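Topology and contacts: notes
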There are 2 protein chains.
Amino acid sequence: MATHLALNFQKSGYEVTCIYSRSENSAERLADRMGTMGTGSIKEVPREAGYYLLCVPDTVVPEVSRQFAGYRGIWLHCAGALPLDVLSDHERYGVLYPLQTFSRDHAPSLSETPFLVEGCSGEVTGMIRQLAGSVSASVYLMDTPSRLAVHLAGVFANNFTNHMVHIAQQILEDQGIDRQLITPILNETFQKLSRMKAAEAQTGPATRNDRQTMDRHLEMLKVYPEWEKLYTFISRDIRGNPREKKE
Amino acid sequence: MATHLALNFQKSGYEVTCIYSRSENSAERLADRMGTMGTGSIKEVPREAGYYLLCVPDTVVPEVSRQFAGYRGIWLHCAGALPLDVLSDHERYGVLYPLQTFSRDHAPSLSETPFLVEGCSGEVTGMIRQLAGSVSASVYLMDTPSRLAVHLAGVFANNFTNHMVHIAQQILEDQGIDRQLITPILNETFQKLSRMKAAEAQTGPATRNDRQTMDRHLEMLKVYPEWEKLYTFISRDIRGNPREKKE
């Protein structure tokens, strides 16, 4: 995420003066790519930047932030699940959270990525809005509880859908069947979601309460006890949701 | 599914002589659209067709098949989870299963949809292969247990991913947040799956074992006790899968 944000802010005209990372190597790699300074030493980080962007794992944000106590500028974290006030040791601070999944090999388009922003004051919020607006057309002012709800929704929409696909691929692989066989149904699943709500798009044995088919699946899942439980649980939840009974 | 198959077989040059449905109305609606005969009466179904395609819910396939005892031609069901031999009352029979999700308002492309076929003899299998090959470039000979595994994988890849997205949309809606906010991350999730295996694409708090974030999510999920359990369960399964620990 650090890489994608830094490159996009630079492209949109912001001067990126320093890349700091707890791992000096990765700081220098990105800094080289951007033609700027990279360091693994806190002392070398300029004390007078306009913005300090913390792109580190959620769990270390408070600790890294504390190490920079007394630095000026606006301190921002990029975490959906962290409260605004984890940065309250600083004078001016806020949140810049891109609702997106990042991977090393590929840069998702930030211009359509929703950025959720929150600042410690109206003035700071306005500045973060402007910063986010320089890379994305989709910027939302959102307080900590709402941002957490969005982050949670993102986990279901990304991590958990991905895990369902992983299980599907593993079942195929274990049977010696090409995992690409499900690519067309995956594509159609996602195209459907752009046309209608998920609750209206639902099909399948759980929706129809087709016990025979579900029993055949469960029999096959006996070799995967965890997935057998998961199957039962999700099917019950689909069945229990009256909004998902259409077909 | 009946509609999509009938229209596609007609387009590829097969003559569709009769649409039978237990509901006369829906038989006539489709028959009108195709310029052929529609009926709700078994006695009006021609006894000498080349193929009889059973596109009815899995649970009623055996019953409907029995009602046509003695009819000639090749009898086919279209169900992923039904064994070949539910049609063994007929002389020649088989399976033609399109691995796809169908909806009323939209025709998914059948030409890229994998068709899994199985016949009661080598000769019949060859004929079903040819029939399927007239609408799809992707035809696989697959026996009953393998087809069931593919069908099960399809449930995870379609029904269960869809349900995860439903939960995400419901959480947003309940907070008064636009459900379209997750559209870009959904798109990226699916684009990632075309580039890499799901196990390699996984990210998020469960993969990182970020307990703090998971606890914040669980706190928020207290108003949805079923989804709280689901969250815990899926997160544990992601965490337990060493192939999904990358980020």
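Residues numbered from 1 in each chain as written. Chains lettered and ligands numbered in written order. Predicted model: local features only at pLDDT ≥ 70, side-chain atom pairs only at ≥ 80, totals over all residues. Heavy atoms only, no water.

**Some details on the overall build of chain A**
- Counting secondary structure elements, chain A contains 10 helices and seven strands.
- Radius of gyration (C-alpha) of chain A: 23 Å, far over the 18 Å computed for a compact globule of 247 residues.
- Evaluated residue by residue, chain A yields a buried proportion of 55% over its 247 residues.
- Contacts in chain A between residues at least 24 apart in sequence constitute 49% of all its contacts with a sequence separation of at least 6. (Helix = DSSP H or I, 4+ residues; strand = E, 2+ residues; numbered from the N terminus. Rg over C-alpha atoms; globule rule 2.2 N^0.38 Å. Buried < 20%, exposed > 50% of the residue type's maximum accessible area, 1.4 Å probe, protein only. Contact = heavy atoms within 4.5 Å.)

**Some thoughts on the sheet that holds strand β4 (residues 74-77) of chain B**
Residues and elements named next belong to chain B.
- The five strands are arranged β3-β4-β5-β6-β7 in an open sheet whose pairing can be described as mixed. Here the strands that pair on one side only, and so sit at the sheet edges, are β3 (51-54) and β7 (139-141). Within this sheet the neighbouring strands show an average axis-to-axis angle of 25 degrees, counted without direction.
- Note that β3 and β4 share four bridges and pair parallel. Within the sheet, the bridge partner assigned to tyrosine 52 lies in β4 and is tryptophan 75.
- Sitting on the sheet, helix α4 (residues 122-133) touches β3, β4, β5 (92-98), β6 (115-119) and β7, and the angle it makes with β6 is about 160 degrees. (Pairing = 2+ DSSP bridges. Axes fitted to C-alpha atoms, helices over the stretch in contact; angles between N-to-C directions.)

**Here we look at the relation of the copies chain B and chain A**
- Least-squares fitting of chain B to chain A yields an RMSD of 0.0 Å, with the transformation described by 0.0 Å of translation along the axis and a rotation of 180 degrees. Taken together, the rotation and translation describe the operation of a two-fold axis. The C-alpha atom lying nearest the rotation axis in chain B is that of B:Thr161; the distance is 2.3 Å. (Least-squares fit on C-alpha atoms with pLDDT ≥ 70 in both.)

**Details of a negative patch on the surface**
- Together, A:Glu24, A:Glu28, A:Asp32 and A:Glu44 give the surface a local cluster of negative charge.
- Here A:Asp32 is to be found in helix α2 (residues 24-34). (Patch = residues over 30% accessible without salt bridge, like charges linked within 9 Å, V, L, I, M, F, W, Y side chains within 5 Å. Areas by Shrake-Rupley, 256 points an atom, 1.4 Å probe, with all protein chains shown as cover. Salt bridge = Lys/Arg side-chain N within 4 Å of Asp/Glu carboxyl O. Lys, Arg positive; Asp, Glu negative; His and termini not counted. Charge placed at Lys NZ, Arg CZ, Asp CG, Glu CD.)

**Observations concerning the packing of helix α5 (residues 144-174) of chain A against helix α6 (residues 183-195) of chain B**
- Packing of α5(A) against α6(B) brings their axes to within 9 Å, and their N-to-C directions diverge by 20 degrees. It follows that α5(A) is roughly parallel to α6(B) by the angle criterion. Considering how the two elements wind past one another, α5(A) and α6(B) form a crossing that is right-handed. Contact residues: A:Gly154, A:Ala157, A:Asn158, A:Thr161, A:Asn162 and A:Val165 in α5(A); B:Ile185, B:Leu186, B:Thr189 and B:Leu193 in α6(B).
- A class-by-class count of the residues in the contact of α5(A) with α6(B) yields five nonpolar, five polar and no charged. (Parallel < 35°, antiparallel > 145°, perpendicular 65-115°, else oblique. Left-handed = near helix turned anticlockwise from the far one by under 90°. Nonpolar A, V, L, I, M, F, W, Y, C, P; charged D, E, K, R; others polar.)

**Considering the side chain of A:Gln100**
- On the secondary structure map, A:Gln100 appears in the loop between β5 (92-98) and β6 (115-119).
- Among the polar contacts listed, one links the side chain of A:Gln100 to the side chain of A:Thr113, at a separation of 3.3 Å.
- Non-local contacts of A:Gln100, meaning those with residues more than four positions away in its chain, are made with A:Pro108, A:Ser109, A:Thr113, B:Pro184, B:Ile185 and B:Glu188. (Polar contact = N/O pair within 3.5 Å; in protein donor to acceptor, adjacent residues only side chain to side chain.)

**Points about the environment of A:Ala206**
Residues and elements named next belong to chain A.
- Checked against the element boundaries, alanine 206 lands in helix α8 (residues 205-208).
- Residue class for alanine 206 comes out buried when judged on its relative accessible area of 5%.
- As a C-alpha pair, alanine 206 and glutamate 112 span 94 residues in sequence and 35 Å in three-dimensional space.

**Let's talk about the pairing of β6(B)**
Residue and element names in this part refer to chain B.
- Counted residue by residue, β6 has five buried out of five residues, so it is predominantly covered.
- Here β6 shows a buried face lined by Phe115, Val117 and Gly119 and a second buried face lined by Leu116 and Glu118.
- Direction of pairing for β5 relative to β6: antiparallel, over a ladder of five bridges. Residue pairing across strands places proline 98 opposite phenylalanine 115, the latter belonging to β6.
- Here β6 pairs with β7 via three bridges, running parallel. What sits directly across from leucine 116, in β7, is tyrosine 140.
- The parallel pair β6 and β7, bridged by α4, forms a crossover whose chirality is right-handed. (Right-handed = clockwise from strand over helix to strand, strands pointing away.)

**With respect to the pattern of salt bridges**
All names here are of chain A.
- Throughout the structure, instances matching the rule amount to 14 salt bridges over all chains.
- The salt bridge partner of lysine 222 is glutamate 219, with a shortest N-O separation of 3.3 Å.
- Judged by relative accessible area, which is 49%, glutamate 219 ranks as partly exposed.

**Section: the domain arrangement of chain A**
All names here are of chain A.
- Entries for chain A in the domain assignment read domain 1 (2-142) and domain 2 (148-244).
- The straight-line distance from the C-alpha centre of domain 1 to that of domain 2 is 36 Å.
- Contact residues are listed per partner, giving seven residues for domain 1 and five residues for domain 2.
- Roughly 470 Å² of surface becomes buried between domain 1 and domain 2 when both sides are summed, with 73% attributable to carbon and sulfur atoms.
- For the pair domain 1 and domain 2, the number of links is zero residue pairs in polar contact (both at pLDDT 80 or more).
- Among the residues making up the side of domain 1 that touches domain 2, the classes are represented as five nonpolar, two polar and no charged. (Domains from an automatic or database assignment. Buried area = accessible area lost by both parts, 1.4 Å probe.)

**Some thoughts on the packing of aromatic side chains**
- The tally for this structure, following the rule as stated, stands at 25 aromatic pairs over all chains.
- Both rings, one in A:Phe190 and one in B:Phe190, keep their centres 2.3 Å apart while their planes meet at 35 degrees; by these two values the pair is tilted. Here B:Phe190 lies in helix α6 and A:Phe190 lies in helix α6 (residues 183-195), a pairing that spans two chains. Residue A:Phe190 shares its accessibility class with B:Phe190, and that shared class is buried.
- Taken together, a centroid distance of 6.1 Å and an interplanar angle of 85 degrees make the contact between B:Tyr52 and B:Tyr71 edge-to-face. With a gap of 19 residues between them, B:Tyr52 in strand β3 and B:Tyr71 in the loop between α3 (61-67) and β4 connect regions that are remote in the sequence. (Phe/Tyr/Trp six-rings, centres within 6.5 Å; stacked < 30°, edge-to-face > 60°.)

**Topic: the packing of α5(A) against helix α10 (residues 225-240) of chain B**
- At a minimum axis separation of 11 Å, α5(A) and α10(B) run at an interaxial angle of 55 degrees. If you check the angle between α5(A) and α10(B), you find them oblique. Crossing angle aside, the handedness with which α5(A) passes α10(B) is left-handed. In contact with A:Leu152, A:Val155, A:Phe156, A:Asn159, A:Phe160, A:His163, A:Met164 and A:Ile167 of α5(A), α10(B) contributes B:Trp227, B:Tyr231, B:Ile234, B:Ser235, B:Asp237 and B:Ile238.
- Classifying every residue of the contact of α5(A) with α10(B) by side-chain character gives 10 nonpolar, three polar and one charged.

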